[in-house]
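Residue-level listing of the chains:
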Amino acid sequence: MVVCRSRALRQLSGRGWNRALLSLRPPWAWVRPLSNGKPKVETHFGFETVSEEEKGDKVYHVFESVAKKYDVMNDSMSLGIHRVWKDLLLQKMHPFSGTKLLDVAGGTGDIAFRFLNYIKAQNRRRQQRELKSHQNLSFEDISKWYQNSRSSLGESHVVVCDINKEMLKVGKQKAQTLGHKNGLAWVVGDAEELPFDDDKFDVYTIAFGIRNVTHIDRALQEAHRVLKPGGRFLCLEFSQVNNPIISRLYDLYSFQVIPVMGEIIAGDWKSYQYLVESIRRFPPQEEFKEMIEDAGFQKVTYESLTSGIVAIHSGFKL
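Just so it is clear, the structure is predicted and the values come from calculations on it, not from any experiment. (Residues numbered from 1 in each chain as written. Predicted model: local features only at pLDDT ≥ 70, side-chain atom pairs only at ≥ 80, totals over all residues. Heavy atoms only, no water.)

### Describing the overall build of the chain
(1) Moving on: Within the chain one finds 12 helices and nine strands.
(2) Moving on: The proportion of buried residues among the 318 residues of the chain is 43%.
(3) Moving on: If you take every contact in the chain between residues at least 6 apart in sequence, the share linking residues at least 24 apart comes to 74%.
(4) Moving on: Within the structure as shown, the chain displays about 18,100 Å² of accessible surface, and the carbon and sulfur contribution to it stands at 54%. (Helix = DSSP H or I, 4+ residues; strand = E, 2+ residues; numbered from the N terminus. Buried < 20%, exposed > 50% of the residue type's maximum accessible area, 1.4 Å probe, protein only. Contact = heavy atoms within 4.5 Å. Areas by Shrake-Rupley, 256 points an atom, 1.4 Å probe, with all protein chains shown as cover.)

Set out below in structure tokens:
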């Protein structure tokens, strides 16, 4: 009897107790654990809500699609006024001989070419002043002087950085056509993770590009990182119209005309619909100023142009 009872107890402790203990498990013990994968973070793509990963891909495809017609569409959409805005950006920059410029999201080279022309013109004026101070130069000396002035950039150079290879391809073709060979480099890179060392550039520019960045705060922090102490940040971007009548007309033109022009000129309605929507999602002047300050920049100011259709923001790394 004792043997049978002990055997029964062993069986109970081996199987029965296990069953008994299983029956006492809390109800969540057998629930499948939640996935450890990070939840998708949502952001905006124009007026559409998408994941951050989707936005990066979609923006890339937009500019890949419009690259070949980008300059033509800029002239058509702005009636050529974008050229004046970019000239004003260079005037505000007022670069000196030896300036090292990083132009981000500058694929087609508009800011870079203006910078090179500005420096060359500045050097020519300086050399002409020096020439006037030397009265007894021979014709050969004068000829050499002018030849040097045409090609000389001093130590100045510009790096164009863009995430989109098609935009850079268009920029390189334009550089060849315009005869820009020296003082110019093209780099594929992400504004949120720039492939450059700290404290490398005197000026950082981004024109009509920062609103397409997924994390604007990261792009601003990267701008601050790569600038030298005393370096300057300049951003030309669409902003908030400050006149209600012009605002209504601008909205009508943006949503009813620009996508149609995109379809007619570039064969791409959707990309230009996104570009219009992305302008409306970009923060107004004061809010963007605060974002620039949060990134570490000081003496941040802005100037609204054309009733606030665009604005130039400026800040210094001090």
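Read on for the rest.
### Section: the sheet that holds strand 6 (residues 201-207)
(1) Moving on: The seven strands are arranged 5-4-3-6-7-9-8 in an open sheet whose pairing can be described as mixed. What marks the edges here is a single partner per strand, and that holds for strand 5 (184-188) and strand 8 (298-305). On average, each strand axis in the sheet is inclined to that of its neighbour by 15 degrees, with strand direction left out of account.
(2) Moving on: Of the strand pairs in this sheet, strand 6 and strand 7 (residues 227-238) are connected by six bridges, and their pairing is parallel. Each residue of the ladder has a partner; that of Thr205, found in strand 7, is Leu234.
(3) Moving on: On the sheet, helix 8 (residues 216-226) packs against strand 3 (100-104), strand 6 and strand 7 and is oriented at approximately 145 degrees with respect to strand 7. (Pairing = 2+ DSSP bridges. Axes fitted to C-alpha atoms, helices over the stretch in contact; angles between N-to-C directions.)

### Thoughts on the nonpolar core
(1) Moving on: Counting residues in each nonpolar core, the largest one holds 32 residues, and the members touching the most others are Trp85, Phe115, Leu184, Leu236, Phe238 and Val310.
(2) Moving on: Taken together, the elements giving at least two residues each to this core come down to helix 4 (81-93), helix 5 (110-132), strand 4 (157-162), helix 7 (165-178), strand 5, strand 6, strand 7 and strand 9 (310-316). (Core = buried A, V, L, I, M, F, W, Y, C linked by side-chain atoms within 4.5 Å.)

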